[in-house]
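One letter stands for each residue in the lines below.
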Amino acid sequence: MLRVSELAFLDWERVSLEVAAGEALCIQGASGSGKSLLLRAVADLIPHEGEAYFEGKACSEFSPTEWRRLVSFLAAEALWWEDYVRDHFLGKVDAARLERLGLDPACLDWEVSRLSMGERQRLGLLRMLDQEPRVLLLDEPTSNLDERTSEAVEVLLLEYIEKRGACAVWVTHDGEQAKRIGKRVFRMKGKRLIESRRDEV
Amino acid sequence: MNTVDLSYWDLGFAALLAVGLAALFRGMRLGISGSLLVAGGRMIVQLTLVGYVLRFLFEEGRPWLVAVMAAVMLGVASREILARQKRKLSGWRSWRLGASTLFVSSFAISLFGLLVVVRADPWYTPQYAIPILGMIISNTMNAISLGMDRLTNAIYTNRNVVEQRLALGQSAKEAIGGYAKDCIRSGMTPVINSMATAGIVSLPGMMTGQILAGASPVEAVEYQIVIWFMIAGGCGFGMAVAIKLLQGQLFDERQRLRLERLR
């Protein structure tokens, strides 16, 4: 579904990857190893060589905005530009989804400055899902969350991936999480992306 | 009506103000008395020279001389825009951007003023062309340099926000929308304020000059009104063009934010 072919950014080694519909692929690696750069290159947010394909069609054949709506990058720290939470969403937000992530449905009417880090992260995720992307490029989507909420996020995301026939490239530093969600786990090390064996994770 | 000719002694009395001020600042150890005196000296030299240049221009009245003068003004103003930017585009980009914006806005507006409103004979008569162009260029220059500086700064400090908006599928224009609006607003505010208080709080410089030179106040006012509208036009259109061009420089063809183009 998503195919990354010979993608090169800065001085990292070229990366090739393939992710099938319904699959969540995990990437681990020390901070600063270039995991986020890889995701941002796939989302076409930074200059790169090589090409990414969505269902066989190359990134360069899409308009940049079309591509990023389909292949969405979620940064670890969600940032906000309007005063109120609601103004960042396109339409009505599903209250059930908010509650599943342990959020108060009334939080949509709050000022952004009132949100905690964890709330920002979860709302940032919902803000992205609002666009109904088909490929999720997730940069540590549960880094600010406690264990229970993390699991709620995992379940919600995996369910989204399965129902919509989407796929995900999921960066996480949490080995347990990687084992739970990814059939395949990769590791970014020394400017190279290598596949890890299950027992190494 | 007779005008009073100022002698060198009169200029000297006025200059005493600056000298006195410099002495006071020295006592207060502000560290700016030197630059005050240098600026005062520069002003005397520059304006005296310009006085002779203009007299020469007015006597000759040849179109190519007017064109050379206009080009010099444009070049200096573009350099001034560049000098006032905290974060410049690298290489010639910044200068080119300032110059082309100034050219489009102030030249077009001045031509419009000279050909449609003032209609001197011939239209490039230096007595009209040079002062009008000068006033519009200097005001447009202020607005554009202020606006560009604000916009590049806002995008630089909010680059992560801009990138996240892009990541959500917004276009470059949407992603910097709020900052562009702010910067046009801040560039236009001085112009709007001056227009709103013109005549009540301040007598605009050009009008004062005309009145001192013996023109009838009613006639001076008419010119001032025309000039203010042209200044507003130059600033507004100039900034709209500047933002469009700046956006083209800060984002590439795939609408990626390219801050490495700033230095």
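The following paragraphs examine the structure supplied in this document. (Residues numbered from 1 in each chain as written. Chains lettered and ligands numbered in written order. Predicted model: local features only at pLDDT ≥ 70, side-chain atom pairs only at ≥ 80, totals over all residues. Heavy atoms only, no water.)

1. Details of the state of the cysteines
Residue and element names in this part refer to chain A.
Phase 1 of the analysis: According to the stated counting rule, one finds zero disulfides over all chains in the structure shown.
Phase 2 of the analysis: Of all cysteine sulfurs in the structure, the one in Cys 167 sits closest to Cys 59, which takes part in no disulfide; the separation is 14 Å.
Phase 3 of the analysis: On the accessibility criterion, Cys 59 (3% relative accessible area) is buried.
Phase 4 of the analysis: Just so you know, Cys 167 is unpaired, no disulfide at all, and the nearest cysteine sulfur is the one on Cys 26, 13 Å from it. (Disulfide = S-S within 2.5 Å. Buried < 20%, exposed > 50% of the residue type's maximum accessible area, 1.4 Å probe, protein only.)

2. Thoughts on the sheet that holds strand E2 (residues 15–19) of chain A
All names here are of chain A.
Phase 1 of the analysis: Strand order in the open sheet made by the four strands is E2-E1-E4-E5, with antiparallel pairing throughout. Looking at the sheet topology across the chains shown, the edges are occupied by E2 and strand E5 (57–58).
Phase 2 of the analysis: Pairing of strand E1 (residues 2–8) with strand E4 (residues 49–54), which is carried by five bridges, proceeds in the antiparallel orientation. Counterpart to Arg 3 in the pairing with E4 is Tyr 53. (Pairing = 2+ DSSP bridges. Helix = DSSP H or I, 4+ residues; strand = E, 2+ residues; numbered from the N terminus.)

3. As for the sheet that holds strand E3 (residues 24–28) of chain A
Residues and elements named next belong to chain A.
Phase 1 of the analysis: Strand order in this open sheet of six strands is E6-E7-E8-E3-E9-E10, and the pairing throughout is mixed. Strand pairing shows two members of the sheet lacking a second neighbour, strand E6 (71–74) and strand E10 (192–196), which therefore form its edges. Recorded for the sheet is a direction-independent mean angle of 20° between the axes of neighbouring strands.
Phase 2 of the analysis: Bridging between strand E9 (residues 185–189) and E10 involves five bridges; their strand directions are antiparallel. Looking across to E10, one finds that Val 185 is bridged to Ser 196.
Phase 3 of the analysis: Along the sheet, helix H4 (residues 117–129) contacts E6 and strand E7 (135–139); its crossing angle with E6, the most-contacted strand, is approximately 170°. (Axes fitted to C-alpha atoms, helices over the stretch in contact; angles between N-to-C directions. Contact = heavy atoms within 4.5 Å.)

4. A short note on the packing of helix H8 (residues 177–197) of chain B against helix H10 (residues 217–250) of chain B
All names here are of chain B.
Phase 1 of the analysis: In the contact formed by H8 and H10, the axes pass within 10 Å of each other and the chain directions differ by 170°. Relative to H10, H8 is oriented roughly antiparallel. Only Trp 228, Ile 231, Ala 232, Cys 235, Gly 236, Met 239 and Ile 243 of H10 make contact with H8, whose side of the interface consists of Ala 180, Cys 183, Ile 184, Gly 187, Met 188, Val 191, Ser 194 and Met 195.
Phase 2 of the analysis: Classifying every residue of the contact of H8 with H10 by side-chain character gives twelve nonpolar, three polar and no charged. (Parallel < 35°, antiparallel > 145°, perpendicular 65-115°, else oblique. Nonpolar A, V, L, I, M, F, W, Y, C, P; charged D, E, K, R; others polar.)

5. Details of the pairing of strand E8 (residues 167–171) of chain A
Residues and elements named next belong to chain A.
Phase 1 of the analysis: Counting buried residues in E8 gives five out of five residues, a clear majority hidden from the surface.
Phase 2 of the analysis: Here E8 shows no split at all, with Cys 167, Val 169 and Val 171 on one side and Ala 168 and Trp 170 on the other all buried.
Phase 3 of the analysis: Bridging between E3 and E8 involves four bridges; their strand directions are parallel. Looking at E8, one finds that Leu 25 is bridged to Val 169.
Phase 4 of the analysis: One ladder, built from five bridges, connects E7 with E8; its direction is parallel. The partner of Leu 136 across the bridge, within E8, is Ala 168.
Phase 5 of the analysis: Where the polypeptide runs from E7 across helix H5 (residues 147–164) and back to E8, its parallel neighbour, the crossover connection is right-handed. (Right-handed = clockwise from strand over helix to strand, strands pointing away.)

6. Some details on the packing of aromatic side chains
Residue and element names in this part refer to chain A.
Phase 1 of the analysis: Counting across every chain of the model gives six aromatic pairs over all chains.
Phase 2 of the analysis: Measuring from centroid to centroid gives 5.7 Å for Phe 9 and Trp 12, while their planes differ by 25°, and the two rings are stacked. Each member of the pair Phe 9 and Trp 12 is classed as buried.
Phase 3 of the analysis: Their ring planes at 55° and their centres at 5.4 Å tell us that Phe 62 and Trp 67 sit as a pair that is tilted.
Phase 4 of the analysis: For Trp 67, a relative accessible area of 0% translates into the label buried.
Phase 5 of the analysis: Its end group placed over the ring of Phe 62, Lys 57 keeps NZ or CZ at 4.5 Å from the ring centre.
Phase 6 of the analysis: A cation over an aromatic ring shows up here: Arg 114 above the ring of Trp 110, its NZ or CZ 3.8 Å from the ring centre. (Phe/Tyr/Trp six-rings, centres within 6.5 Å; stacked < 30°, edge-to-face > 60°. Lys NZ or Arg CZ within 6 Å of the ring centre and 35° of its normal.)

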